[in-house]
Structure formats: structure tokens, C-alpha cells
Amino acid sequence: DAGVIQSPRHEVTEMGQEVTLRCKPISGHDYLFWYRQTMMRGLELLIYFNNNVPIDDSGMPEDRFSAKMPNASFSTLKIQPSEPRDSAVYFCASSLGGQGREAFFGQGTRLTVV
Amino acid sequence: GESVGLHLPTLSVQEGDNSIINCAYSNSASDYFIWYKQESGKGPQFIIDIRSNMDKRQGQRVTVLLNKTVKHLSLQIAATQPGDSAVYFCAENTGNQFYFGTGTSLTVIP
């Protein structure tokens with residue numbers, strides 16, 4: 001398996017534009033997590049899904065952020081409109097089972113909003 | 001204005017020495033813990049895990065110790081190598097979520 005695949009690896013966009021980050025979890029994994037990593041706040045959980053259903057989105061910072069998982073092999077994190085303070089590295093991770101199971105991370109998407 | 005980031009603890013060790021990285025966790029109900037290694041430009045990578053019914057677990061060159069009384073984890077790396085230079089995070093599993101510490105930056109001096 002190629003692991004968790006994220007795209008794009010880097011994204012530079014102008015303030016106010018819509019940004020969509022993509023994630024393909026490891027095949028067969030039933031949990032998918034979106035994290036954001038910044039120097040200010042470290043690694044923060046934004047939202048997670050179980051069997052394609054959003055379970056906890058309490059970490060999503062604002063209504064400008066939304067995430068979907070239309071099927072077991074694909075998820076998106078969308079920011080609309082984007083702001084400079086959204087600049088961060090966004091990681092997707094997946095696991096087989098939630099509690100007590102290792103989460104595997106993708107390489108991340110480095111987002112810069114100018 | 002100047003931004004203030006997290007003050008990441010740092011540890012510098014000589015190649016070949018042993019390293020000990022510490023982590024305090026917050027939730028006494030957490031029952032599963034993982035140490036992750038993150039190299040520059042990459043995502044966190046699993047190193048070793050431990051469940052709350054254990055107090056020690058050993059892997060290849062790494063050992064994790066868990067002290068539930070004081071909610072403390074440590075990662076010991078034997079014979080540290082230059083390739084071990086990275087940021088190390090502990091993560092506690094509560095429910096179906098992982099909560100990450102701020103990380104420790106390890107630098108190995110050749």
C-alpha cells in the first residue's frame with residue numbers, strides 16, 4: 001500500500017480564494033482524521049470520520065472550513081474564503097479502528113495564503 | 001509584528017549516546033499512547049506504542065516507559081544516530097481521538 005496520499009503537496013493561494021485539500025486514506029481503514037500543524041499551536045485535530053461519517057468536527061476553527069468524505073477512499077478539506085492565518089501544514093491520517101489503533105499520516109499539504 | 005511560536009523543547013546528543021525524551025499527558029482516562037517521529041517536510045511516523053496496562057515496551061533501539069501515577073511518558077533511544085534527528089511527539093488516545101504534545105526537537109551531533 002502506498003500509504004495515505006495527500007494532494008497537493010504545496011498550495012499557494014490569494015486571500016479570499018477557495019482552497020481544496022485532498023486525501024486518500026489507506027485502503028480498508030475506517031477512520032480518517034484531518035490535522036493542522038502550525039508553529040503557534042502545534043498539531044491540532046480538526047475533524048474525524050468513521051465509515052465516511054463525520055463524528056467530531058469541534059476542532060474546525062470556523063464555518064469557512066468544511067470537510068467531506070463521499071466514499072471510503074476519498075476526503076476533502078475545503079477553506080472558503082481562505083485567509084492568511086489559515087497558512088499551515090494540513091495532515092490527513094487514517095487508522096483501522098479508532099480507539100487503541102495507530103494512525104498513519106500522509107505527507108501533508110503546505111498551504112500558504114497571501 | 002513578530003509572531004511567537006511554541007517553545008519546542010530541544011535535546012542535543014552525541015552520536016552513539018542514549019537519548020531520553022519526556023512527555024506529560026493530560027487525561028488520566030487515556031489508555032493508549034504512541035510516540036511519533038517527524039522529520040522536516042514529512043508527516044509524523046509511528047515509532048512505538050504502549051497500552052495503559054503496561055509500564056514498559058521495547059522495540060528496536062527504542063523503549064517507551066509509562067508512569068500512570070504522574071501521567072508521564074518517556075522515549076529512550078539507544079545508540080542515537082544522525083538519522084534520529086527529528087521532532088518527536090507523544091500522542092494520547094482518548095476515545096477515538098489522538099491528542100498530540102508540543103513535541104521535542106532532537107539533534108544528533110556527529
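Above: the structure in question.
These lines cover the structure that appears in this document, whether it is placed above or below. These numbers were taken from a predicted model, which means no experiment stands behind them.

Rules used throughout
Residues numbered from 1 in each chain as written. Chains lettered and ligands numbered in written order. Predicted model: local features only at pLDDT ≥ 70, side-chain atom pairs only at ≥ 80, totals over all residues. Heavy atoms only, no water. Helix = DSSP H or I, 4+ residues; strand = E, 2+ residues; numbered from the N terminus. Rg over C-alpha atoms; globule rule 2.2 N^0.38 Å. Buried < 20%, exposed > 50% of the residue type's maximum accessible area, 1.4 Å probe, protein only. Contact = heavy atoms within 4.5 Å. Areas by Shrake-Rupley, 256 points an atom, 1.4 Å probe, with all protein chains shown as cover. Buried area = accessible area lost by both parts, 1.4 Å probe. Salt bridge = Lys/Arg side-chain N within 4 Å of Asp/Glu carboxyl O. Polar contact = N/O pair within 3.5 Å; in protein donor to acceptor, adjacent residues only side chain to side chain. Nonpolar A, V, L, I, M, F, W, Y, C, P; charged D, E, K, R; others polar. Core = buried A, V, L, I, M, F, W, Y, C linked by side-chain atoms within 4.5 Å. Pairing = 2+ DSSP bridges.

1. Quick word on the overall build of chain B
Item 1. Scanning chain B from N- to C-terminus turns up zero helices and ten strands.
Item 2. Along chain B, helices and strands appear, N-terminal first, in the series β-β-β-β-β-β-β-β-β-β.
Item 3. A compact globule built from 110 residues should have a C-alpha radius of gyration of about 13 Å, and chain B, at 14 Å, falls within 12% of that.
Item 4. The principal-axis extents of the C-alpha atoms in chain B amount to approximately 45 × 40 × 25 Å.
Item 5. Looking at the 110 residues of chain B, the share that counts as buried comes to 40%.
Item 6. If you take every contact in chain B between residues at least 6 apart in sequence, the share linking residues at least 24 apart comes to 52%.

2. Focus: the overall build of chain A
Item 1. Helices and strands together make up the secondary structure of chain A, namely zero helices and eleven strands.
Item 2. Along chain A, helices and strands appear, N-terminal first, in the series β-β-β-β-β-β-β-β-β-β-β.
Item 3. Taken over the C-alpha trace, chain A has a radius of gyration of 13 Å; the compact-globule value for 114 residues is 13 Å, and the two agree within 12%.
Item 4. The dimensions of chain A, computed from C-alpha atoms along their principal axes, are 35 × 30 × 25 Å.
Item 5. Among the 114 residues that make up chain A, the fraction classed as buried is 51%.
Item 6. Nonlocal contacts in chain A, meaning residues at least 24 apart in sequence, comprise 54% of its contacts between residues at least 6 apart.
Item 7. Surface exposure of chain A reaches about 5500 Å², of which carbon and sulfur atoms provide 49%.

3. Details of the interface of chain B and chain A
Item 1. Residue-level contacts link 21 residues of chain B with 23 residues of chain A.
Item 2. Between chain B and chain A, roughly 1900 Å² of surface is buried when both sides are summed, and carbon and sulfur atoms account for 50% of that area.
Item 3. The tally of links between chain B and chain A comes to zero salt bridges.
Item 4. Joining chain B to chain A, the criterion identifies four residue pairs in polar contact (both at pLDDT 80 or more).
Item 5. Per element, the largest residue contribution to the side of chain B that touches chain A is four residues, and it comes from strand 3 (residues 32-38) of chain B.
Item 6. Tallied by class, the residues present in the side of chain B that touches chain A amount to ten nonpolar, eight polar and three charged.

4. A short note on the nonpolar core
Item 1. In this structure, Trp34, Leu77 and Tyr90 of chain A are the most contacted members of the largest nonpolar core, which totals 21 residues.
Item 2. Among the secondary structure elements, those contributing two or more residues to this core are strand 3 (19-24), strand 4 (31-38), strand 5 (42-50), strand 7 (65-71), strand 8 (74-79), strand 9 (88-95) and strand 11 (109-113) of chain A.

5. Some details on the pairing of strand 6 (residues 53-56) of chain A
Along any regular strand, the residues point their side chains to alternate faces of the sheet.
Item 1. The pairing of strand 5 of chain A with strand 6 of chain A spans three bridges and is classified as antiparallel. Pairing of Phe49 of chain A across the sheet is with Pro54 of chain A, part of strand 6 of chain A.

6. Observations concerning the pattern of salt bridges
Any two side chains of opposite charge can pair if their charged atoms end up close together.
Residue and element names in this part refer to chain A.
Item 1. For the structure on display, the rule yields eleven salt bridges over all chains.
Item 2. A salt bridge links Glu62 to Arg85; the shortest N-O distance between them is 2.7 Å. Here Arg85 lies in the loop between strand 8 and strand 9 and Glu62 lies in the loop between strand 6 and strand 7, a separation of 23 residues in the sequence.
Item 3. A relative accessible area of 26% places Glu62 in the partly exposed class.
Item 4. The structure contains a network of salt bridges with shared partners spanning Glu62, Arg64, Glu83, Arg85 and Asp86.

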